[in-house]
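If you want the building blocks of each chain, they are given just below.
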Amino acid sequence: MESPVQLLNVLEWAHLHAGRIAAGAQEAPGAPDAEGAQGAQGAQGAGTGGADPAAAARPGGSDPATALLPGQAAVPVPALPAPALPEPAPPAPAPPAPAALGAVPPQSRRAAVRRALGRRAPGDRAPAAGADLTVVVLAPTDPMTRGQLRRMADLAREDGHRVRWEEARGGASAPFQTIGGLAGVLRRADRIVMGDPFSRYVQLLLTITRAKDLVVVDDGTATMEFVAQLARGERLVRWHRKGGRPGARDLLFAPVSSSARRRLTPNARRRVEVFSSMPVSEIPDGVTVTANGFAWTRARFGPPTVTAGADMVGTSLVETGVVDGERYLEAVRALAKAHGATRYFAHRREHPDKLRRLAAETGLEIVRPELPLELIARRGPVGRTILSFPSTVVHTLPLALAGTGVRVAVCDIDPAWLTDTASPRAQGFLSGVTGTARDVHRLAAVSLA
């Protein structure tokens, strides 16, 4: 995993798949636990994330990559501060483990007993979603992204996942050490879940794995472009770079990128799934698209306290060279004044100097979230209106905040705000992000004096 958003969506994916498995088990009580066998092969994990409602409701406490691989669950870490909740009744004791299992941790011991019996023991609580999976974090260098990733890693551990933190950018030798250390587990895994198919790290790791199941979870708006490029057989290029000439590094890496694209194309021996909350119009033949409804987020957090004011969501379009910095500052000022916004939730990639100017010249309170915005908003408090420019959150926040009464409003990007170096596709892509968003209020581009 390379970003907190990707790790959030891995938890959503694991929650959804575990729920489906649990539903199947309820239809045939006492039947053999087929998921136990799947989990041993690196599948989505056994049990259900909702077996303990109180625990489920309790809040939890750049080119890396994310892979989910077989492994044992790690010891949970403390949850995020939250109002005290009543403790659930303890589960009925599981059958005693055979003497040979005495040195095995309790969670592994229960799993071994269930496999030995061919069924789940009466009263034995199902393990958390994805308990047989390992999350590999290829840590970036950006401090804000690292901080959010560590908090998301805590939540993943609380859900029963093992987290493997790799300092993949910790020096010249780090990539070789990381790839060498992961080669064995990648070759053994039957299923790999990744968050960024454009990442050179991910593409390089894809050349190692022999997995028969590949899953791409949401990496924001980039997911829309990935699916479209895969359907058209194009080389994988991030949307804000498309149209430019390939650099020397691009040409050097081209064979690896081409190999990754071939591996992400389904065939008789390999299945490919895209797990996304984004609209996908061009679906490649054989690719399965599964909707992400943010069920894990709604079960784990909130509902939030909703205030009467408005909050604004920041974007990194200036940092990626798409939007002019001065124009963006003027747009934020005008939008905040028109709608009475008081807080500005910064994107993790926004530069501190830019944020200091925003605070000084707009009067907005700058908030640097410790978790992805979907979780921050769900925890609350949050304004009754959330203002955003075209970004991932115009698709994800309505899902995470469903039923709360919060309105998401998106402001279009005026073509005059784009830089001279912006990709020729930038305006059309950003308009598509806004135009395909569901359950949002669309605002015209603000007028800059």
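This one's a predicted model, so the numbers in the text were calculated from it and none came from an experiment.

A short note on the overall build of the chain
For the chain, the count of helices and strands is 15 helices and 13 strands. Surface exposure of the chain reaches about 19,600 Å², of which carbon and sulfur atoms provide 55%.

With respect to the sheet that holds strand E11 (residues 382–388)
Strand order in the open sheet formed by six strands is E10-E9-E8-E11-E12-E13, and the pairing between neighbours is parallel. Both outer strands of the open sheet, strand E10 (365–367) and strand E13 (441–443), are each paired with one neighbouring strand and no more. Adjacent strand axes in the sheet meet at a mean angle of 30 degrees, parallel and antiparallel pairs treated alike. Pairing of strand E9 (residues 341–345) with E10, which is carried by three bridges, proceeds in the parallel orientation. Counterpart to Arg343 in the pairing with E10 is Glu365.

A few points about the packing of aromatic side chains
Under the defined criterion, the tally for this structure stands at four aromatic pairs. With centroids separated by 6.3 Å and ring planes inclined at 85 degrees, the aromatic side chains of Phe198 and Phe226 adopt a geometry described as edge-to-face. Of this pair, Phe198 sits in the loop between strand E4 (191–194) and helix H7 (200–206) while Phe226 sits in helix H8 (residues 222–232); the two residues are 28 residues apart in sequence, bridging distant segments of the chain. Considered together, Phe198 and Phe226 belong to a single accessibility category, that of buried residues. Among the aromatic residues, those joined into a ring-pair cluster are Tyr328, Phe389 and Trp417. For the cation-ring pair, Arg150 lies above Trp165, with the distance from its terminal atom to the ring centre recorded as 4.0 Å.

A look at empty space enclosed by the protein
Size it by volume and the second largest cavity reaches roughly 40 Å³. Forming the boundary of the second largest cavity are Asp311, Val313, Phe345, Leu373, Ala377, Val382, Ile386 and Leu397. For the lining of the second largest cavity, the secondary structure elements donating two or more residues are strand E8 (306–313), helix H13 (373–379) and E11. Class assignment for the residues of the lining of the second largest cavity results in seven nonpolar, no polar and one charged.

What counts as what
Residues numbered from 1 in each chain as written. Predicted model: local features only at pLDDT ≥ 70, side-chain atom pairs only at ≥ 80, totals over all residues. Heavy atoms only, no water. Helix = DSSP H or I, 4+ residues; strand = E, 2+ residues; numbered from the N terminus. Areas by Shrake-Rupley, 256 points an atom, 1.4 Å probe, with all protein chains shown as cover. Pairing = 2+ DSSP bridges. Axes fitted to C-alpha atoms, helices over the stretch in contact; angles between N-to-C directions. Phe/Tyr/Trp six-rings, centres within 6.5 Å; stacked < 30°, edge-to-face > 60°. Buried < 20%, exposed > 50% of the residue type's maximum accessible area, 1.4 Å probe, protein only. Lys NZ or Arg CZ within 6 Å of the ring centre and 35° of its normal. 1 Å grid on protein atoms, 1.4 Å probe; cavity = no way out; pocket = protein on both sides within 12 Å on 5 of 7 lines; lining within 4 Å. Points joined across faces, edges and corners; volume = space filled by probe spheres on them. Nonpolar A, V, L, I, M, F, W, Y, C, P; charged D, E, K, R; others polar.

Everything listed here is a matter of geometry and, on its own, says nothing about what the molecule does.
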